[in-house]
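# Coordinates in review
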Amino acid sequence: MPSSIAIVNKRPVFMDEIRDLYALLAPIGQLTGNGQLRETVSERRNRKGEDVAFWYLSPELVKKFKLSESTQEAVIADDPTAIDWVRLRFGGEVKTIKLDINQLRQNAMELPPGPTVRDISVFN
């Protein structure tokens, strides 16, 4: 369902579009540590378009959207099979939530961070 639009000072302002969504929450680094979630989000947006309902939330955004008080990261989607696939791949806890799609579009369009670089060199 499209958002309602109001005209304020000759500019369109999108009204709230609260929807039922699925959230996958996991401790920080569990979803993004190896960089594969970044590839997953990028591939999904390339295949289905930038407006696909599939977002990564950093720990700061998880707190902003009041999904958890602990340090967690999240993936949000409107498709339960997409969330199930990410959960099977990375682990985490799934829950249903209600969020404003427009707020996600304004705040959560960044790709997840790249892989954590680890120093695996051996010193004698």
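To start, this report covers the structure provided alongside it.

### Quick notes on the pattern of salt bridges
For the coordinates displayed, the defined rule picks out four salt bridges. Arg19 serves as the salt-bridge partner of Glu17, at 3.8 Å between the closest nitrogen and oxygen. Between Arg19 and Asp78 there is a salt bridge whose closest N-O contact spans 2.9 Å. Highlighted residues: Arg19 in strand β3 (residues 18-27) and Asp78 in the loop between β5 (72-77) and α3 (80-90), separated in sequence by 59 residues. Taking relative accessible area as the criterion, Arg19 reaches 26% and is therefore assigned partly exposed. One salt-bridge network, held together by shared partners, links Glu17, Arg19 and Asp78.

### Things to note about the nonpolar core
Note on soluble globular proteins: their nonpolar side chains tend to be buried together. In this structure, Trp55, Leu57, Leu67, Ile76 and Leu104 are the most contacted members of the largest nonpolar core, which totals 17 residues. Contributing elements (two or more residues each) for this core: β3, β4 (54-57), α2 (59-64), β5, β6 (93-100) and α4 (101-107). Beyond its immediate stretch of four places on either side in the chain, Leu67 contacts Leu25, Leu57, Val62, Ile76, Lys95 and Ile97. Counting residues in each nonpolar core, the second largest holds 14 residues, with Val41, Val75, Ile83 and Val86 among its members.

### Looking at the sheet that holds β4
Taking strand neighbours across the sheet as the criterion, the four strands line up as β4-β5-β3-β6 in an open arrangement whose pairing is antiparallel. In the strand order of this sheet, the two ends are held by β4 and β6, each with one partner. On average, each strand axis in the sheet is tilted by 30° relative to the strand beside it, whichever way the strands run. Of the pairings in the sheet, the one linking β4 to β5 comprises four bridges and is antiparallel in character. Residue Leu57 lies in a different strand from β5, and its bridge partner there is Ala74. In this fold helix α1 (residues 36-48) packs onto β4 and β5, with an angle of close to 150° to the strand it touches most, β4.

### Comments concerning the environment of Ser68
Its location among the elements puts Ser68 in the loop between α2 and β5. Among the residues examined, Ser68 registers a relative accessible area of 12% and is labelled buried. As a C-alpha pair, Ser68 and Leu25 span 43 residues in sequence and 8.4 Å in three-dimensional space. For Ser68, the contacting residues outside a window of four places in its chain are Val62 and Lys63. A distance of 3.1 Å separates a polar atom in the side chain of Ser68 from a polar atom in the side chain of Ser70. Looking at Ser68, its side chain comes within polar contact range of the side chain of Gln72, at 3.1 Å.

Conventions we followed
Residues numbered from 1 in each chain as written. Predicted model: local features only at pLDDT ≥ 70, side-chain atom pairs only at ≥ 80, totals over all residues. Heavy atoms only, no water. Salt bridge = Lys/Arg side-chain N within 4 Å of Asp/Glu carboxyl O. Helix = DSSP H or I, 4+ residues; strand = E, 2+ residues; numbered from the N terminus. Buried < 20%, exposed > 50% of the residue type's maximum accessible area, 1.4 Å probe, protein only. Core = buried A, V, L, I, M, F, W, Y, C linked by side-chain atoms within 4.5 Å. Contact = heavy atoms within 4.5 Å. Pairing = 2+ DSSP bridges. Axes fitted to C-alpha atoms, helices over the stretch in contact; angles between N-to-C directions. Polar contact = N/O pair within 3.5 Å; in protein donor to acceptor, adjacent residues only side chain to side chain.

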